[in-house]
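Examination of the molecular architecture
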Amino acid sequence: GDMFEAQKDGRYGDPFTKRSIRRGSQTIEDDVSIINEVGGNARLLKVGEQKYVEVKGLDIPSPPWRDKKTDILIAIPNNYPSGGLDAFYIGLPMQHDSGSIPYQQGETFIDGRSWMLISWHYHPSHPWNPLQDDLESHIQQCRGFFLTRGVRQ
C-alpha cells in the first residue's frame, strides 16, 4: 500500500509517510535514519554544540569534476527543521576542470578533515519550507550545485 502523488516541486511520494512522522516536526535523527533506509550513506556528528550531517559517496558529473563521487557536510541549526538548511561543505581534496571550485567561501577543518564551504542557497522564489523540505530535499539542492547550475561562476 504505498501511495504517491505528484507535488508542485516535481518530487514524488513522501518518505515520512512510512514512519508517520509529519514533515515539520521530524528531527534530524529521523531524517538521517530515513536517508540510510533508502540506500543513502549519511551520519550525524556533533562538534562542540554544532551538529552536522555527513553524506558520503554522492554521485557527481565527471567532467567537469575530476572525481565521480564526493562527500558533503551539512551544518544543522539547533532549531531544525523550522530553522532551515542552507549551503554545504565539500570534502577536500576536490577539483573542478576550471581550476577553482565555483562558489567557494573558505576552507575549514571539521571532524579530522578539510572541508570547503560552498555558498549555495535556495532561490528567493523557493525558500526553505519546513513543511515541504527536509534533509533529503536539501541533499538534492546540494546536488544541483554539481550539475549544470553549479559549473558556472
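Residues numbered from 1 in each chain as written. Predicted model: local features only at pLDDT ≥ 70, side-chain atom pairs only at ≥ 80, totals over all residues. Heavy atoms only, no water.

Considering the confidence of the model for the chain
Averaged over every residue, the pLDDT of the chain is 85; residues scoring 70 or more account for 82%. The element-level mean pLDDT for the chain is lowest in helix H2 (residues 135-146), coming to 92, with strand E3 (residues 69-76) highest at 97. Throughout residues 6-18 the model reports pLDDT below 50, and contacts reaching past four residues in sequence, or to other chains, amount to 25 contacts. (pLDDT = per-residue confidence, 0-100. Helix = DSSP H or I, 4+ residues; strand = E, 2+ residues; numbered from the N terminus. Contact = heavy atoms within 4.5 Å.)

Observations regarding the packing of aromatic side chains
By the definition in use, this model includes 11 aromatic pairs. A ring pair is formed by Phe88 and Phe145, whose centres lie 5.6 Å apart and whose planes are at 75°; its orientation type is edge-to-face. In this pair, Phe88 is assigned in strand E4 (residues 88-91) and Phe145 in helix H2, connecting sequence segments 57 residues apart. Here the aromatic residues Trp65, Phe88, Tyr103, Trp120, Phe145 and Phe146 are joined through ring pairs into a cluster of three or more. (Phe/Tyr/Trp six-rings, centres within 6.5 Å; stacked < 30°, edge-to-face > 60°.)

Re H2
If you check H2, its first and last C-alpha atoms are 17 Å apart, about what 12 residues at 1.5 Å a residue would give, namely 16 Å. The element H2 is largely enclosed, with a buried count of 9 among its 12 residues. Leu135, Ser137, His138, Ile139, Gln141, Cys142, Gly144, Phe145 and Phe146 are the residues of H2 that are buried. Capping the start of H2, Asp134 holds a side-chain oxygen 3.0 Å from the backbone nitrogen of Glu136, two or three residues further along. (Expected span 1.5 Å × (residues − 1). Buried < 20%, exposed > 50% of the residue type's maximum accessible area, 1.4 Å probe, protein only. Polar contact = N/O pair within 3.5 Å; in protein donor to acceptor, adjacent residues only side chain to side chain.)

Topic: the sheet that holds strand E6 (residues 113-118)
Strand order in the open sheet made by the 6 strands is E1-E2-E3-E4-E6-E5, with antiparallel pairing throughout. Because the sheet does not close on itself, it has two edges, and the strands there are strand E1 (42-47) and strand E5 (104-110). On average, each strand axis in the sheet is inclined to that of its neighbour by 30°, with strand direction left out of account. Pairing geometry for E1 and strand E2 (residues 50-59), over 6 bridges, is antiparallel. Note on E2: the bridge partner recorded for Val47 is Gln50. (Pairing = 2+ DSSP bridges. Axes fitted to C-alpha atoms, helices over the stretch in contact; angles between N-to-C directions.)

Quick notes on the nonpolar core
Grouped burial of nonpolar side chains is what soluble globular proteins tend to show. If you look at the biggest cluster of nonpolar residues, it comprises 29 residues, and the most contacted ones within it are Phe88, Leu135, Phe145 and Phe146. Those elements that provide at least two residues to this core are helix H1 (28-37), E2, E3, E4, E6 and H2. Looking at this core, the element that brings in the most residues is H2, giving 5 residues. Residues Tyr52, Leu73, Ile110 and Trp115 belong to the second largest nonpolar core, which totals 6 residues. (Core = buried A, V, L, I, M, F, W, Y, C linked by side-chain atoms within 4.5 Å.)

Overview of the pattern of salt bridges
Taken as a whole and assessed by the stated rule, the structure comprises 9 salt bridges. A salt bridge links Asp71 to Arg113, with the shortest nitrogen-to-oxygen separation between them at 2.7 Å. Here the residue Asp71 occupies a position in strand E3, and Arg113 occupies one in strand E6, the gap between them amounting to 42 residues. Overlapping salt bridges bring together Arg43, Glu54, Lys56, Asp71, Asp111 and Arg113 as one network. (Salt bridge = Lys/Arg side-chain N within 4 Å of Asp/Glu carboxyl O.)

Some remarks on the pairing of E5
Two strands pair when backbone bridges link them, and E5 and E6 are joined in this way by 6 bridges, in the antiparallel orientation. In the sheet register, Glu107 faces E6, and the bridge partner there is Met116. Adjacent in sequence and paired antiparallel, E5 and E6 are bridged by 2 residues, among which Asp111 carries a positive phi angle near 55°.

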